[in-house]
Amino acid sequence: MQTWQMQEAKARMSELVKRAQAQPQDITLHGKSVAVVISRETFDRLSHTQNSLVDFMQRSPLHGADDVVFERDQSPTREIEF
């Protein structure tokens with residue numbers, strides 16, 4: 001990953017973006033990494049939304065089954081001293 005100082009990145013933005021197509025580009029400010037420029041393809045791949053819990057449960061083979069019974073634990077609650 002190539003590192004760019006902020007002022008250099010601003011001055012050479014076109015080159016920075018072109019190089020980001022091949023590999024991520026690190027931008028520093030006062031010697032500390034503050035940003036990374038990546039290609040759109042990489043961004044889309046990394047930010048691809050995962051399915052929600054609801055989607056997962058709706059794909060379950062038990063979805064819509066009315067005969068599923070969940071047993072509740074009937075043991076008494078524990079005593080707590082204050």
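How each quantity is defined
- Residues numbered from 1 in each chain as written.
- Predicted model: local features only at pLDDT ≥ 70, side-chain atom pairs only at ≥ 80, totals over all residues.
- Heavy atoms only, no water.
- Helix = DSSP H or I, 4+ residues; strand = E, 2+ residues; numbered from the N terminus.
- Pairing = 2+ DSSP bridges.
- Axes fitted to C-alpha atoms, helices over the stretch in contact; angles between N-to-C directions.

Description of the environment of Q58
Thinking step 1. Within the secondary structure layout, Q58 lies in helix α4 (residues 53-58).
Thinking step 2. Taking the C-alpha atoms as reference points, Q58 and S14, separated by 44 residues in sequence, lie 46 Å from one another.

Quick look at the sheet that holds strand β1 (residues 2-5)
Strands pair in a sheet through their backbones, by hydrogen bonds, and they do so in one of two ways: parallel or antiparallel.
Thinking step 1. Taken in spatial order, the three strands make up an open sheet running β1-β2-β3, and their pairing is mixed. With one partner strand each, in any of the chains shown, β1 and β3 (32-37) form the two edges of the open sheet. The average angle at which neighbouring strand axes cross in this sheet is 35°, direction not considered.
Thinking step 2. Of the pairings in the sheet, the one linking β1 to strand β2 (residues 25-29) comprises four bridges and is parallel in character. Following the sheet pairing, Q2 is matched in β2 by Q25.

Considering the pairing of β3
Thinking step 1. When β2 meets β3, the two strands line up antiparallel, connected through five bridges. For D26, the partnering residue across the bridge sits in β3 and is V36.
Thinking step 2. What sits between β2 and β3 in their antiparallel hairpin is a turn of two residues, with H30 showing a positive phi close to 55°.

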